[in-house]
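Remarks on the overall topology
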Amino acid sequence: MNYGGNELVETTFFSHNETAWALNSLGDNIFVCDLDLRIVWFNDQAEILLNSIISYLSINHPLDLIGKSIDEFHQNPSHQRNILLHRLPYESTITLFDRFAASIVISEYKDGAGVKVGYLLVWRDVTERQKELQENKKLVHELSTVIIPTVIDNAILIPLIGAMNEERTERLVQRTLNYCVTNNTDYVLLDFSGLSELDNSSAQVLCETMTKSLALMGVFVVYVGITKQVVQWLMNLNLDPTIPTFATFRQGINHVVNLEGYSLVYEKR
């Protein structure tokens, strides 16, 4: 990068080329702005990055960024200016163009006398890592909304595991309703035994919204795994007193078996 690596080094920020060489040797993408927040330099690694996202920028070449104000790249420039004036050093993870993720570190850039002459931004591309985290999050969501068939063809078990928040609860309700519609389900056993936390809004959605929605579909709901802690979570809700509740899944499935007119017989082998 001839312009960024030599010409600018000699005329503005860097008193000798060793500074630029040192910044170019780093594996991170580094940008430098002056006190007027104009981009005045970036290292070779940053040029490679800019070339990879050039189609998302309003420039034809990375060097076209030189002299541009960083305000052009922010929807709320006053927010960034407040950070530079009052909150340095600053670290954050940002998303660009709804596609690229970056971990950024912004700090003051000072000359040899310790006088602030600009700002230095280190940009680490973490797009792939963020994608992996999102995939893992998606997997966790799928595993946390498990629907398990039981010995009764028209009955399912839904174990509630860990902490139930609003997002998980809404996802579970939607998945349960869709499953019951497409699989001719008549009974849903909701197992509370694996819960570690249940806030009031989630409890209301689970025990009122979902239960009433299933009832309108003709689906019979049974609560199992009811402990003292679960009772405390549910005691302030306007629960339907006709909903069967049991301490264990075994008791609950026996109840469903009896409702269906079956009986469990122990067969000695």
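Each chain has its residues counted from 1, following the order in which its sequence is written. Note on the predicted model: pLDDT of at least 70 is required for a residue's local features to be given, and 80 or more for side-chain atom pairs to be given and counted; whole-chain, interface and lining totals, by contrast, use all residues. Note: side-chain values were computed over all heavy atoms of the structure, leaving out hydrogens and water.

Counting 27 residues, the largest nonpolar core has Ile158, Leu160, Phe192, Leu198, Leu206, Leu214 and Leu234 as the members making the most contacts within it. Secondary structure follows DSSP: runs of H or I at least 4 residues long count as helices, runs of E at least 2 residues long count as strands, and numbering of each begins at the N terminus. Counting only elements with at least two residues in this core, the list comes to β7 (155-164), α6 (166-182), β8 (187-198), α7 (200-216), β9 (220-224) and α8 (228-234). Residue contacts follow a heavy-atom distance rule, with two residues in contact if any of their heavy atoms lie within 4.5 Å. Apart from the residues lying within four places of it in its own chain, the contact partners of leucine 198 are Met164, Ala203, Leu206, Trp233 and Leu234. Working definition of a nonpolar core: buried Ala, Val, Leu, Ile, Met, Phe, Trp, Tyr and Cys residues. They are joined through side-chain atoms within 4.5 Å. Think of it in three bands: residues with accessible area under 20% of the maximum for their type are buried, residues over 50% are exposed, and the middle band is partly exposed, with areas taken using a 1.4 Å probe on protein chains only. Cys33, Ile39, Ala46 and Phe100 belong to the second largest nonpolar core, which has 23 residues in total.

It is worth spelling out the sheet that holds strand β3 (residues 90-96) at this point. In short, DSSP must find at least two bridges between two strands for them to pair. The sheet built from five strands is open, its strands ordered β2-β1-β5-β4-β3 with antiparallel pairing. Single-partner strands in this sheet number two, and they are β2 (39-42) and β3. Put simply, the sheet's adjacent strands are angled 25° from each other on average, direction ignored. Note: β3 against strand β4 (residues 100-110), seven bridges, orientation antiparallel. Across the sheet, serine 92 pairs through a bridge with isoleucine 104, a residue of β4. Orientation is described by lines fitted to C-alpha atoms, with helices fitted over the stretch in contact, and by angles between N-to-C directions that extend from 0 to 180 degrees.

A separate point is the packing of aromatic side chains. Only rings of Phe, Tyr and Trp enter the pairing, Trp through its six-membered ring, and a pair is recorded when the two centres are within 6.5 Å. The plane angle decides the type: under 30 degrees is stacked, over 60 is edge-to-face, the rest tilted. All chains considered together, the criterion is met by four aromatic pairs. Taken together, a centroid distance of 6.0 Å and an interplanar angle of 50° make the contact between phenylalanine 31 and phenylalanine 42 tilted. With phenylalanine 31 in strand β1 (residues 29-34) and phenylalanine 42 in strand β2, this residue pair connects regions lying eleven residues apart in the sequence. Classification of phenylalanine 31 by relative accessible area gives buried; the value is 7%. Each ring, one from phenylalanine 192 and one from tyrosine 223, has its centre 5.3 Å from the other, and the planes form 80°; the classification is edge-to-face. Of the two residues, phenylalanine 192 is situated in strand β8 and tyrosine 223 in strand β9; the sequence distance between them amounts to 31 residues. Judged by relative accessible area, which is 1%, phenylalanine 192 ranks as buried. On the basis of relative accessibility, which here comes to 1%, the residue tyrosine 223 falls in the buried class. Pairwise contacts between aromatic rings join Phe31, Phe42 and Trp123 into one cluster.

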